[in-house]
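Okay, here's what each chain looks like letter by letter:
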Amino acid sequence: MKLLAVLASGVELEVVETTSGLIGLAWLIPLVPLLGFVGVLLATRALADRAATIAMGAAALTFVLSAAVATTVILEPATYVRAMPTWIDVGGFTVTFELLIDQLTAVMLLVVTGVGLLVHVYSVGYMHGDSRYPRYFGYLNLFLASMLILVLGSNLLTLFLGWELVGLSSYLLIGFWFESRSNAAAAKKAFVTNRVGDVSFMVGMFLTFATFGTLDILDVVTDAEALASGTAFALVLLFLGGAVAKSAQIPLYVWLPDAMAGPTPVSALIHAATMVTAGVYLLVRLSPLLVVSVDAMEIIAWVGALTALFAALIAVRQDGIKEILAYSTISQLGFMFLAVGVGAFRESIFHLVTHAFFKGLLFLVAGSVMHAMANRTDIWQMGGLRKVMPVTFWTAAIGTAAIAGVPPLAGFFSKDQILTEAYFHGYGAIWIIGLVAAVLTAFYMSRWFILIFLGRPRYGEVVHPHESPPSMTVPLIVLAVLSAIGGLALNAVHTGPLYRFLEPTVGPIDQLGYEPVGPLEEAVLIPLAIVAAAVGILLAYLAYARRDVSSGRMSEPVSGVGAELMERRFFVDEAYEKVFTGAGGRVAQAMVWFDTRVIDGLVDGAGAVSVAIGRVGRRAQTGLVRSYVGVVLLGAIVLVGVLMAQVV
Amino acid sequence: MFLAQATEPLEIPEVAWSSFAPELALTAAALVLLLIAIAKGRQQLVAVPAAVVSLAAGIWLVTQQLVVPGGVAIALGLALPALVFAFPRRGSLVQAWGAGLALVGALVLTGWQYLTVLEGGGTEVATIVPQAALAGALANDGIAFFTRITVYLTGLLVVPIGYGYLQDRRINRAEVEPLLLLAVVGMAALGTANDLITLFVALEVLSLALYVLAGLARRDRRSQEASLKYFVLGAVASAILLYGMALTYVASGELALPAIGSSLGLVTTDRVVATLGLALITVGLGFKVALVPFHLWTPDVYQGSPTNVTAFMAAATKAAGFAAILRLYLVAFPGLQGLWVPVLAVLAALTMLYGAYLALVQRDLKRMLAYSSITHAGYATIGVVAVSDAGLSGTLWYLLTYAVSTLGAFACVIAIERTRGGEVGLLELRGLGRTSPAIAGILSLCLLSLAGLPPTAGFVGKLVVFQAGVQAGLTWLVVIGVLSSVVAAFFYLRIAGTMFLEDADPALPLPAASSGLTVGTAVSAALVVFLGIQPQLFLQVADSAAALVR
């Protein structure tokens, strides 16, 4: 059945409801890894050695299915809806498990299952010999299934189902090595921070239902135009609240650096390439709603810009091989939010894709290095790995150049296009912040690269680094190739194939009345971006490659209050700890105090009746009965008083 | 005698036996089980005559075209001597099986009742045509049916869950099952009660049975304390409730709830007296379902009572109490809506936050679950103050999802308690995910459901209630509910984290499940998942339950 849903902008959306063909099989995409999870978990004892095979098979199968579905969408572009059974249907509130497969879904499917498969392969080598090897692969499959539910759901509630399940599997995987207490704490921090975002998301859903009478994404985006801008503003901010938690943006980014406690392939898959981009996906998915409220979009842009800058500043002075990448991820996600905010929805997805390539690659490189260095993470104790790990070195070089924005690698195109859009849409300040963040990115990534691979070895005699096995290097090579040519192939210019492909799925920005900041043309802006990357790389080269860095941390070129602040991550974690844990604990303590002391104390004034009854209790030696009766009576008196005051 | 001759012969209203058939069957079963327990060695002497009576009644019912109730009577009649014959020396097994079968029978009868009042067989959406019975004392409507389903299901799961536990603690005395059945009858009756007297009697039937059950462990000081506290405080609450009912009668001159409702809607009615009655009734019922500040008994009683009784109280009493609240406020007090909606909404907000925060600082698992149950009373109240069909079905549905989740959680606590004895604290849970993954997994699942995470029953429960709240314009209350569920996620997660993310203490014995416990836990866990993924079956029943006798 073919339907035409007309977006308010006049863009016609071809909606095809089908249960046949390849689209008809789309429901298998999340189901296969889910079955893999169940299979691995149930069969741990009997099939412990096969766990990786089962999980990898599931990931491979779901990748093939996703590729097939995506090919269908590429060949016959349309918005496909795959009908599925009803989930909830009560009093006009109907939610189904329907799948929504359009161009945006196709892109996400390929990224999620593609990187997912590579990480599965890589994990075979990386996790070899771990005592909970099967369980690890089970969790990976669970994550894959959850992420695919998130991407495929045609309904905000099914999207939320996946949203929560990715949180759960991320919790399980961050705390996977729970022998260290801090890992368990990190897992909890991630989960609870995300719950805070969920409050916003859930209230957003309720408001959506109250406004539109449905949670179906297609219905919401087609009706969005008619919305009052106040309602749209509130809705967008509520969903933004959910997105900043999942995608680690200010002010809820604090969980992501801690999440590095998980196994490194997990960091690559969940905390770089896929799960953390769910917030970006959500906002782009709702972009027809976003364009109704330009004010809300400007807030998104500022959140993204400030996060990009702030996290980049922190990354400059971190020492952990994964911490730097974690703050880098936060910063890059900030670029994506910035893009969404300035109306560059497709640029944002483009950056999401290239970032999945190069950041997934860099994390896997980090894993390969840690594998070789007996799990050391301090980059000051590395250096000179170029010789011993040639494959890792070369792939890392490509990844670093890509994220730094060296043309013609993937990151150059996507980041540059975001910045030019910011400029052309009139966000001058945000454009400058973005440029500064780009310089910083080139700087801290070059620092990361130089300190690990170049110079003289600083790791002493104890470790004997070696190149990783093929199961780990092959995914590195694949991702390196994608990082190298991904940008050129997908979208070398503003109106490249990816943009035209994604066009029907994003909100129209024509009537937002964007004006360029100034007279600069792209011919000037692009060289500016290249200069930014070059400056960052050059500074890092001067600071870390040309100088003697053998004295470790002491050889940082700059010191002072600012550097100290960056090194200590601006004390944000400490502040949060104080405010939330402290205040939350105090509230709870106050209530306990109330429960034990005040209630006991109140009784003395609670009147003769309670005392009389209280004596009964006292004879029976039951402690607080007297107090309890007193409180019940006091409550009753207050209640009667409140009610009577209204009628007498 | 002369006077009697002079008056008109009393007109006895026709008793619609079918309107309380499930309760009737359960009461009879409770009595017979009690007699069997007394008979000790000569159990067949009780069982055979009881079976004969039951069979005769069943056959007569079948001849009257009442096939389902007849069939239930015949089946129960046949089962009784068979059970006694099968377990000659194990009285408690006869009791447990007997109670279980009686509850199955009651569920079947409830289903039969439900089908008879359903209308619109052809159309897709079935609606309930509410029926009043016994001169308006009973109402067979949506609240009644759904409450029956919830409490019978709870009872049915509690029997196997508690069986091994009672034996371990040597408190498997013969009165346990009959008392449980009587409590269930009281709860179901509370769901059907349509006038003040029936309502109060039903409340006392269930309360008295629970007072005794809470003190089942006679040698355990905590159990005795729990029982006495529950009794003393319950008595105070009952007195307040009764006074409130009396005042309501004074104000309206009516006992039947619908009549009170129409009377209170009139301008001529004395609103002062009626409001006083309303306030006192709120206190009394607030106590039963543990709304803050009338919740104080809950942690002590839940912690001290035998754990299977706690599970039963937490799951079933709440359902029954809210059935009474729903009916009273929606049928009898709609005229005073402007007064009680804000009051109950504030109480709900307090309850949600207070329960969640206090649960945070608990160390004992049962006590933590007690505070969690307080929190959940707050969520269920959101559906009441929504004053809408959606809210009504939302609350009923919420109570079912809460009942299965909390039952599953307590069942896991029992499994841990059985071998470790005494109280189960957080420390005892360390590393349980490694040593006994099944129990740790199910406990985590139930806790995630209580926390309201998809795709569990608890998520759909909260969703429907919150949805009703938003529709009724109570967004602030829903926001508080969502916030409190974040706070609650902390402590549910802490339990799960302790089990999965910490190392086990090798000195601790492993939890052990008996076969009954395994079945009960597995069914609860399965329901938690099923109601989360395919809630449609019961949601539709809940949806149609919005039809009330007014």
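Thresholds applied
The residue count restarts for each chain, going from 1 along the sequence in the order it is written. For this description, chains carry letters from A and ligands carry numbers from 1, given in the order in which they are written. Local features in this predicted model are restricted to residues of pLDDT 70 or higher, and side-chain atom pairs are both shown and tallied only at a pLDDT of 80 or more, whereas totals for entire chains, interfaces and linings draw on every residue. Derived side-chain values reflect all non-hydrogen atoms in the structure, with water molecules and hydrogen atoms excluded from consideration. Two strands pair under a simple rule: DSSP has to find at least two bridges between them. Here a strand is any run of E in DSSP of at least two residues, a helix any run of H or I of at least four, and the numbering for each starts at the N terminus. Note on definitions: salt bridges are taken to be side-chain nitrogens of Lys or Arg within 4 Å of carboxyl oxygens of Asp or Glu. A simple rule labels every residue: compare its accessible area, found with a 1.4 Å probe on the protein chains alone, to the largest value its type can have, and call it buried under 20%, exposed over 50%, or partly exposed in between. Definition of nonpolar core: a set of buried residues of the types Ala, Val, Leu, Ile, Met, Phe, Trp, Tyr and Cys, connected through side-chain atoms within 4.5 Å. In what follows, a contact means two residues having at least one pair of non-hydrogen atoms within 4.5 Å. Once two parts are joined, some of their accessible surface, as seen by a 1.4 Å probe, is lost; buried area is that loss totalled over both. Pairing of N or O atoms within 3.5 Å defines a polar contact, subject to two protein rules: one partner must be a possible hydrogen donor and the other a possible acceptor, and residues neighboring in sequence count only if both atoms are side-chain atoms. Start and end points for every domain follow an automatic or database-based domain assignment. Any helix carries an expected span of 1.5 Å times its number of residues minus one.

Considerations on the pairing of strand S5 (residues 93-96) of chain A
Residue and element names in this part refer to chain A.
Stage number 1. The pairing of strand S4 (residues 86-90) with S5 spans four bridges and is classified as antiparallel. Paired with Val90 across the two strands is Phe93, which belongs to S5.
Stage number 2. The hairpin turn running from S4 into S5, its antiparallel successor, is two residues long, and Gly91 in that turn takes a positive phi close to 50°.

With respect to the pattern of salt bridges
Stage number 1. Evaluation of the coordinates by the stated rule reveals 17 salt bridges over all chains.
Stage number 2. The residue Glu164(A) makes a salt bridge to Arg195(A) at a minimum N-O spacing of 2.6 Å. You can see Glu164(A) sitting in helix H6 (residues 156-174) and its partner Arg195(A) sitting in helix H7 (residues 181-212), a full 31 residues away along the chain.
Stage number 3. Owing to a relative accessible area of 4%, Glu164(A) belongs among the buried residues under this scheme.
Stage number 4. Ionic pairing is found between Asp319(A) and Arg447(A), a salt bridge with its closest N-O pair at 3.5 Å. With Asp319(A) in the loop between helix H14 (294-316) and helix H15 (321-341) and Arg447(A) in helix H20 (residues 428-453), the pair connects residues that are 128 residues apart, well separated along the chain. In this pair, the class of Asp319(A) matches that of Arg447(A), namely buried.
Stage number 5. Ionic contacts of the salt-bridge type, sharing partners, join the residues Arg221(B), Glu225(B), Lys229(B), Asp300(B) and Arg367(B) into one network.

A few points about the nonpolar core
Generally speaking, a soluble globular protein has its nonpolar side chains buried in company with each other.
Stage number 1. Ranked by internal contacts, the top residues of the largest apolar core, which has 437 residues, are Ile88(A), Trp448(A), Leu328(B), Phe333(B), Trp340(B) and Trp397(B).
Stage number 2. For this core, the element with the highest residue contribution is helix H13 (residues 307-332) of chain B, accounting for 19 residues.
Stage number 3. Setting aside its immediate chain neighbours within four residues, Trp340(B) contacts Leu278(B), Tyr329(B), Leu330(B), Phe333(B), Val384(B), Val385(B) and Val387(B).
Stage number 4. Counting residues in each nonpolar core, the second largest holds nine residues, with Val46(B), Ala47(B), Leu80(B) and Val94(B) among its members.

Focus: helix H10 (residues 257-264) of chain B
Residue and element names in this part refer to chain B.
Stage number 1. The buried count for H10 comes to six of eight residues, which makes it a mostly enclosed element.
Stage number 2. For H10, the set of buried residues is Leu257, Pro258, Ile260, Gly261, Ser263 and Leu264.
Stage number 3. Each element contacted by the buried residues of H10 is listed here: helix H8 (196-214), helix H9 (221-252), helix H11 (271-289) and H13.

Section: the interface of chain A and chain B
Stage number 1. Across the boundary between the two partners, chain A contributes 63 residues, which contact 69 residues of chain B.
Stage number 2. Here chain A packs against chain B, burying approximately 6,000 Å² in sum over the two surfaces, 78% of which is carbon and sulfur.
Stage number 3. At the boundary of chain A and chain B, one finds zero salt bridges.
Stage number 4. Linking chain A with chain B are three residue pairs in polar contact (both at pLDDT 80 or more), by the criterion used here.
Stage number 5. Secondary-structure elements contributing two or more residues to the side of chain A that touches chain B are S4, H6, H7, helix H25 (572-602) and helix H27 (625-647) of chain A.
Stage number 6. The greatest single-element share of the side of chain A that touches chain B, amounting to 15 residues, is contributed by H27(A).

Looking at the domain arrangement of chain A
Stage number 1. Here chain A is described as being made up of domain 1 (2-567) and domain 2 (575-647).
Stage number 2. Computed from C-alpha coordinates alone, the two centres of domain 1 of chain A and domain 2 of chain A are separated by 50 Å.

As for helix H2 (residues 21-39) of chain B
The α-helix advances 3.6 residues per turn, and as a result positions three or four apart in sequence lie on the same side.
All names here are of chain B.
Stage number 1. When the terminal C-alpha atoms of H2 are compared, their 27 Å separation across 19 residues agrees well with the 27 Å that a helix rising 1.5 Å per residue should span.
Stage number 2. When we look at burial in H2, the residues that qualify are Ala21, Pro22, Glu23, Ala25, Leu26, Ala29, Ala30, Val32, Leu33, Ile36 and Ala37.
Stage number 3. Positive backbone phi, at 50°, marks Lys40, one or two positions downstream of H2.

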